[in-house]
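Each chain, letter by letter, is given below.
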Amino acid sequence: MKPAKPISLTRYLIEEQHAGRINADLRLLIEVVARACKTISMSVGKGALGGVLGDAGTGNIQGEAQKKLDVIANDVLLEANAWGGHLAGLASEEMDHSQPIPDAFQRGNYLLLFDPLDGSSNIDVNISVGTIFSVLRCPDGVTSPGDEHFLQPGTTQVCAGYTTYGPSTMLVLTVGHGTHAFTLDREVGSFIMTARDIQIPADTKEFAINMSNQRHWEPPMQRYVADLLAGKDGPRGKDFNMRWVASMVADVHRILTRGGVFFYPLDAKCRDKGGKLRLMYEANPMSFIVEQAGGAASTGRQRMLEVQPTGLHQRVPVMLGSRNEVAEAVRYHAEHDRA
Ligand code: P6P
């Protein structure tokens with residue numbers, strides 16, 4: 001990451017608006033989401049002292065037990081975005097269906113989708129978690145959007161970002177003109193730009209995957225990873241390192257910082273669902289961010305951002321990161337499919 005002149009998120013957004021790359025409503029939306037992420041960061045940071053660890057005793061549409069912080073983060077984002085007048089509707093991993101902005105409030109032209117606290121299974125063991133969000137335009141003439149109005153391909157996103165709650169809280173953002181990182185200055189309460197125009201190295205020697213699923217992968221994935229593990233004596237001719245945080249935000253942030261590839265491929269366990277990770281509020285925003293940083297993102301057989309969604313909580317296989325390594329993994333799949 002290139003060091004940046006220390007400007008605040010607010011100043012960056014105003015400069016983008018003055019340059020005509022975003023409008024006032026989108027600027028306000030991003031500021032509201034950033035402010036909500038600061039609140040979430042405070043809750044996450046309290047840990048055991050805040051009585052926020054452990055299960056909420058409820059489940060979500062994903063069939064997952066919700067952590068207390070999943071519910072807290074979801075509520076923070078819902079409340080923060082309800083009354084600003086910049087949104088027509090919003091959708092969350094934690095809600096069965098999208099919801100239009102309540103009639104009591106003015107509606108705007110954007111749709112917000114988010115995973116309020118991704119990787120929440122890591123909360124109780126004090127490993128980084130994060131918030132992932134994606135912004136779409138509400139179709140013209142739609143005043144009360146339903147799920148179907150959110151089903152737009154990733155190429156239509158006007159903004160995507162994540163906030164990682166780690167040793168520092170960092171907001172990584174794109175509005176389609178590069179990917180930039182902002183670090184929360186807790187003393188001032190502002191996000192300060194600490195990396196402008198992030199560029200992911202095109203090549204890498206580091207991959208991220210949950211190896212325990214190896215026996216369940218499709219043949220091309222098994223062959224691709226076997227060749228990585230064969231190292232310099234194998235067909236790839238170089239040794240590789242492996243990382244797996246099991247928190248997508250943390251794994252993707254590492255890749256943005258030093259390169260690498262992240263895989264959550266189809267496997268026998270998640271094949272019937274289409275994959276493990278969700279398209280609309282995990283894969284698509286992360287793919288937009290990665291592509292804007294010179295990386296690549298694919299399902300293994302299609303550019304991620306071109307997938308036509310069919311369901312709000314649709315799942316997809318994910319390969320993203322250093323573009324030449326993603327291309328290599330895609331090549332293994334293409335060769336297999338042609339055989
Ligand atoms: P596994 C977290 O639950 C998540 O959705 C992603 O953040 C993460 O990359 C993945 O699932 C981890 O999955 O099967 O390794 O627990």
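What you are looking at is a predicted structure, and each value in this text was computed from that prediction instead of being measured. (Residues numbered from 1 in each chain as written. Predicted model: local features only at pLDDT ≥ 70, side-chain atom pairs only at ≥ 80, totals over all residues. Heavy atoms only, no water.)

All right, on to the environment of K68 then. Its place among the elements puts K68 in helix α3 (residues 68-82). Its relative accessible area of 33% is what places K68 among the partly exposed residues. Spatially, the C-alpha atoms of K68 and G57 are 8.1 Å apart, while their sequence positions differ by 11 residues. Of note is the side chain of K68, whose polar atom sits 3.4 Å from the backbone oxygen of L53. (Helix = DSSP H or I, 4+ residues; strand = E, 2+ residues; numbered from the N terminus. Buried < 20%, exposed > 50% of the residue type's maximum accessible area, 1.4 Å probe, protein only. Polar contact = N/O pair within 3.5 Å; in protein donor to acceptor, adjacent residues only side chain to side chain.)

Around the ligand, the surrounding shell holds 13 residues, and the nearest of these are D118, N210, W244, M248 and Y264. In the environment of the ligand, an oxygen atom lies 2.9 Å from a nitrogen or oxygen atom belonging to the side chain of W244. For the ligand, an oxygen atom lies 2.6 Å from a polar atom in the side chain of Y264. Of all the secondary structure elements, the ones that give two or more residues to the shell around the ligand are β13 (261-264) and β14 (277-278). For the shell around the ligand, a count of residues per class yields six nonpolar, three polar and four charged. (Near = heavy atom within 4 Å. Nonpolar A, V, L, I, M, F, W, Y, C, P; charged D, E, K, R; others polar.)

Moving on to α3. The α-helix winds at 3.6 residues per turn, so residues separated by three or four positions along the chain end up facing the same way. The terminal C-alpha atoms of α3 lie 21 Å apart, and with 15 residues this matches the ideal 21 Å at 1.5 Å per residue to within 8%. Inspection of α3 places L69, D70, A73, N74, V76, L77, L78, A80, N81 and A82 among the buried residues, and these make up the whole buried set. Where α3 is buried, its residues contact α2 (24-46), β2 (65-67), β3 (87-92), β4 (99-100), β5 (110-118) and β6 (129-137). (Expected span 1.5 Å × (residues − 1). Contact = heavy atoms within 4.5 Å.)

What follows is about the sheet that holds strand β17 (residues 318-321). Within the open sheet, the five strands sit side by side as β12-β11-β13-β17-β15. Their pairing is mixed. At either margin of the open sheet sits one strand with a lone partner, and together these are β12 (241-243) and β15 (296-298). Geometrically, the sheet is characterised by an average inter-axis angle of 15 degrees between neighbouring strands, direction not taken into account. Where strand β11 (residues 206-208) meets β13, two bridges bridge the pair, whose relative direction is parallel. Note on β13: the bridge partner recorded for F207 is V261. On the sheet, helix α7 (residues 279-292) packs against β15 and β17 and is oriented at approximately 25 degrees with respect to β17. (Pairing = 2+ DSSP bridges. Axes fitted to C-alpha atoms, helices over the stretch in contact; angles between N-to-C directions.)

Another point: the domain arrangement of the protein. Here the protein is partitioned into domain 1 (9-195) and domain 2 (206-338). Distance between the C-alpha centres of domain 1 and domain 2: 24 Å. Across the boundary between the two partners, domain 1 contributes 47 residues, which contact 31 residues of domain 2. Contact between domain 1 and domain 2 buries roughly 2,800 Å² in total, counting both sides, with carbon and sulfur atoms accounting for 63%. Of all residues in domain 1, I132, L151 and Y162 bury the most surface against domain 2, accounting for 21% of the area lost on that side. At the junction of domain 1 and domain 2, the tally comes to two salt bridges. (Domains from an automatic or database assignment. Buried area = accessible area lost by both parts, 1.4 Å probe. Salt bridge = Lys/Arg side-chain N within 4 Å of Asp/Glu carboxyl O.)

Here D197, not a glycine, exhibits a phi torsion of approximately 55 degrees, which is positive. With a phi angle near 70 degrees, A246 is a residue other than glycine that sits in the positive phi range. Tracing the chain through its elements places A246 in the loop between β12 and α6 (248-258). Taking the relative accessible area as the measure of exposure, A246 reaches 39% and is therefore partly exposed.

For the protein, the average pLDDT comes to 95, and 99% of its residues sit at 70 or higher. At the level of chain-chain contacts, confidence expressed as ipTM amounts to 0.98, with global pTM at 0.96. (pLDDT = per-residue confidence, 0-100.)

Below, the discussion takes up the UniProt feature "binding site: Mg(2+) 1" (unreviewed entry) in the protein. Mapped onto the present numbering, the UniProt feature "binding site: Mg(2+) 1" (unreviewed entry) falls on E93, D115 and L117. A compact arrangement is adopted by the annotated residues: their sequence extent is 25 residues, whereas the largest C-alpha distance between any two is 9.1 Å. When you line up the elements, E93 lands in the loop between β3 and β4. For E93, a relative accessible area of 4% translates into the label buried. Beyond its immediate chain neighbours, meaning those up to four positions away, E93 contacts N60, I61, Q62, E64, F114, D115, P116, R278, Y281, E282 and H313. As for its placement among the helices and strands, L117 is situated in strand β5. The contacts of L117, once residues within four sequence positions are left out, are I40, V44, L69, D70, A73, I123, V129, G130, T131 and Y165. (UniProt positions renumbered as here; feature names shortened; annotations may be inferred.)

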